[in-house]
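Survey of secondary and tertiary structure
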Amino acid sequence: MCAIAGMISLPAEEAPKKKMLATMARRGPDDAGSYENGNCCLLHTRLAIIDPEGGRQPMELSWAGERYVLVYNGELYNTGEIRSRLLKLGHRFSGHSDTEVVLHAYAQWGRACLEKFNGIFGMAVWEENRGRLFLARDRIGVKPLFYSRRGDGLLFASEMKTILAYPGMQAELDAQGAAEILLLGPGRTPGCGIFREILELEPGCCAFFEKGKLEITRYWYLKDREHRESFEETAAHVRFLVEDAIRAQMVSDVPIGTFLSGGLDSSLITAICAGEMAGRGEQLQTFSVDYVDNDRYFRASKFQPNSDSYYIRLMETAVNTHHHWTVLGAEELLGALEDATIARDLPGMADVDFSLLAFCRDIRRTVKVALSGECADEIFGGYPWYRDPAVRASDGFPWAQNTPQRQRMLSDALLSQIDAPDYIHERYAMTCRESDILPGTPEQERRMKEMVNLNFRWFMQTLLDRKDRMSMFSALEVRVPFCDYRIAEYLYGVPWQYKDYQGHEKGLLREAMAGVLPPEVLWRKKSPYPKTFDPRYTELVSGRLRAVLDDEANPLWHLVRREAAAELLTGEYPWPWYGQLMRAPQTMAYLLQIEFWLRFYKIRLCF
């Protein structure tokens, strides 16, 4: 993986270029390069995974009368298949990197190359003779790509910090951006960059920029289709897709490992990877995170029914991995607050982010690539809210049933400009309307497809942001096999009664993968990413929030009502702030992230 950036029809002085490259170094510590010609300047930093010598960027190619220059952040999993097609068409390759294949594919097919790719990417191609830029992002949105219009020019980058490093760019927050943070955060409206004048190219979209005009096209979305396979045929199809995706994403010229939580998704990935590597006489490296004294303090809930350690050890023995534990203390966890905010460029999922950041830093000492089980729950219907009739029947985002609580957080200045219920409902309803559903679909099936699309477009993107930013901050490439677009496409058309086989969350996936895992793991009730229950963490985060509350001039109070923030010190809300894990301690930490973010980025408020 890498970081990319570019300036089109904008000044590109040496000092700003160095400053922008410095913001990209964590994502790409192995190499750096630049290209400049006329109205175009492209920047790249590299984390070398495939063909370290032959995959350097920016990469240039002359083909059919045009000169193409590529900067690319991602991984293409069907490189061999596309290379073979291109060879038959007369293309020749100097190395074996996927970057070279991506460049030749664009030269051959133009925008249509995206339909042939199976991978994760943010990419830019400059057509030198024509003076046109092409931007594209993978179908699911695993890799990021942000941009900003500057007059007739364009800035783009993998992360917003790089755009903010360009001369004249100011970190600004208007009322809408503040509403995103407090009413939807840590989620955000698709395409919204929160900072004023910064946008994100949405997943499944591409764009051309030419002569000052930016034209964006959506080339992929979840499309409904009639499902004609029996349950048995569907299960066999699912098993093929899952196993094929995992094996395809093992490709690497450097050592790989897997995240292992002891849950269904990470255990499936681990078992298949371990089997593949054992066949080559190698042992898989696996990694888990836990917290000091978590066995002592763990409290079961409907969201987190049991702890992970027993199941992790069961998997370690069953598939014979070389296992590594990262055990975090409360001080170490809270100590990652600042870096986690900088990594994301935004307030995030509080200590769920902090722990992942520290965890990835630890993993990077052993491997450069790891596979993770994210996104199976969105696609296969694993979250509790898929199966809670009351939540399923209610309007609003199912992972944040707390509009009154969020509205109470808004400062008077924001309340005068934002109607909180309308702001939230408009975005929720828009996503429901955009859900592709065949005419005549029964009401329950229609609702479940809306639920999948809501999770796909919103909740899953928050988790993918988290995984990308926390891992790449330590130059660790994390791959997510359940985000193979073929799985998402196929499962969207599968009836809910199949997914909910025998009343089990992800029942279809469990039945499809029978025999791969020990039964205890295969049928284990879903448990989310582990969080700390240590009262010491609550004490620490409460102490930091009290210090902020004592500062009446703190910039946080321009966004947040002090009285509402103070209530977190003494009470618990009926629903988590976001998802399953953000209870009172995590919500306090989220406010602390906002406070740090305002100061660190020197944000100018525009409301």
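Scope of this entry: the structure provided in the associated data block. Worth saying up front: this structure is predicted, and the values here are computed from it rather than measured.

Remarks on the overall build of the protein
- Broken down by element type, the protein carries 26 helices and 19 strands.
- Relative to a compact globule of 607 residues, whose C-alpha radius of gyration would be 25 Å, the protein shows 23 Å and is just as compact.
- By the burial criterion, 64% of the 607 residues in the protein qualify as buried.
- A separation threshold of at least 6 residues defines the contact pool for the protein, and within that pool the share at least 24 residues apart is 74%.
- Element-wise, carbon and sulfur atoms account for 48% of the exposed surface of the protein, whose accessible area totals about 22,000 Å².

Considering the sheet that holds strand S5 (residues 66–76)
- Spatially, the six strands line up as an open sheet ordered S4-S5-S6-S7-S12-S13, and their pairing is antiparallel. Sheet topology places strand S4 (59–63) and strand S13 (213–218) at the edges, where each strand pairs with a single neighbour. Across the sheet, the mean angle separating the axes of adjacent strands is 20 degrees when strand polarity is ignored.
- Pairing geometry for strand S7 (residues 132–137) and strand S12 (residues 205–210), over five bridges, is antiparallel. When the sheet's bridge partners are listed, Ala136 is paired in S12 with Cys206.

Things to note about helix H11 (residues 337–344)
- For H11, the buried fraction is high: six of the eight residues fall into the buried class.
- For H11, every residue scored as buried is listed here: Leu337, Ala340, Thr341, Ile342, Ala343 and Arg344.
- Here the buried face of H11 lies against helix H4 (160–164), helix H10 (330–334), helix H12 (351–363), helix H19 (443–472), helix H24 (535–549) and helix H26 (584–600).
- In the stretch just after H11, Asp345 is the one whose phi turns positive, near 65 degrees.

Some thoughts on the sheet that holds strand S8 (residues 146–150)
- Spatial strand order, S2-S3-S1-S9-S8-S11: six strands in an open sheet with antiparallel pairing. Each end of this open sheet is capped by a strand with a single partner; those strands are strand S2 (31–37) and strand S11 (199–200).
- In terms of strand pairing, S2 meets strand S3 (residues 40–46) through seven bridges, oriented antiparallel. Bridge pairing links Ala32 to Thr45 in S3.
- Contacting strand S1 (2–8), S2, S3 and strand S9 (153–157), helix H1 (residues 14–24) runs over the sheet at an angle of about 30 degrees to S3.

Here's the deal with the environment of Leu333
- Within the fold, Leu333 resides in helix H10.
- Relative accessible area serves as the criterion here: at 1%, Leu333 is assigned to the buried category.
- Considered as a pair, Leu333 and Glu276 are 57 residues apart in the sequence and their alpha carbons are 35 Å apart.
- With residues up to four places along the chain from it excluded, the contact list for Leu333 reads Tyr291, Leu328, Asp351, Phe354, Ser355, Thr532 and Tyr537.

A few points about the pattern of salt bridges
- Summed over the entire model, instances satisfying the criterion amount to 55 salt bridges.
- With its nearest N and O atoms 3.0 Å apart, the salt bridge here joins Glu197 to Arg150. Taken together, the residues Glu197 in the loop between helix H5 (175–184) and S11 and Arg150 in strand S8 connect sequence positions 47 residues apart.
- When its relative accessible area of 46% is taken as the criterion, Glu197 is described as partly exposed.
- In this structure Arg150 comes out as partly exposed when scored by relative accessible area, which is 24%.
- A salt bridge links Glu450 to Arg447, with the nearest nitrogen and oxygen atoms 3.0 Å apart. Here the residue Glu450 and the residue Arg447 both occupy positions in helix H19, the gap between them amounting to three residues, near one helical turn.

Some points on the state of the cysteines
- Under the defined criterion, the tally for this structure stands at zero disulfides.
- For the unlinked cysteine Cys40, the closest cysteine sulfur is that of Cys41, found at 7.0 Å.
- Looking at the unpaired Cys113, the closest cysteine sulfur is the one in Cys206, lying at 8.8 Å.
- Judged by its relative accessible area of 0%, Cys113 is buried.

Remarks on the packing of aromatic side chains
- Evaluated as defined, the whole model comprises 25 aromatic pairs.
- A ring pair is formed by Tyr68 and Tyr106, whose centres lie 5.8 Å apart and whose planes are at 80 degrees; its orientation type is edge-to-face. Remark: Tyr106 occurs in helix H3 (residues 98–109) and Tyr68 occurs in strand S5; sequence separation between them is 38 residues. Comparing Tyr68 with Tyr106, the two get one shared label, buried.
- On the basis of an interplanar angle of 40 degrees and a centroid distance of 5.5 Å, the ring pair of Trp399 and Phe459 is categorised as tilted. Remark: Phe459 occurs in helix H19 and Trp399 occurs in the loop between helix H15 (389–393) and helix H16 (403–409); sequence separation between them is 60 residues.
- Among the residues examined, Phe459 registers a relative accessible area of 3% and is labelled buried.
- One aromatic cluster in this structure is built from Tyr383, Trp385, Phe397, Trp399, Tyr428, Trp458, Phe459 and Tyr578.
- Arg83 extends its terminal NZ or CZ atom over the ring of Phe93, reaching a point 5.2 Å from the ring centre.

Definitions and limits used
Residues numbered from 1 in each chain as written. Predicted model: local features only at pLDDT ≥ 70, side-chain atom pairs only at ≥ 80, totals over all residues. Heavy atoms only, no water. Helix = DSSP H or I, 4+ residues; strand = E, 2+ residues; numbered from the N terminus. Rg over C-alpha atoms; globule rule 2.2 N^0.38 Å. Buried < 20%, exposed > 50% of the residue type's maximum accessible area, 1.4 Å probe, protein only. Contact = heavy atoms within 4.5 Å. Areas by Shrake-Rupley, 256 points an atom, 1.4 Å probe, with all protein chains shown as cover. Pairing = 2+ DSSP bridges. Axes fitted to C-alpha atoms, helices over the stretch in contact; angles between N-to-C directions. Salt bridge = Lys/Arg side-chain N within 4 Å of Asp/Glu carboxyl O. Disulfide = S-S within 2.5 Å. Phe/Tyr/Trp six-rings, centres within 6.5 Å; stacked < 30°, edge-to-face > 60°. Lys NZ or Arg CZ within 6 Å of the ring centre and 35° of its normal.

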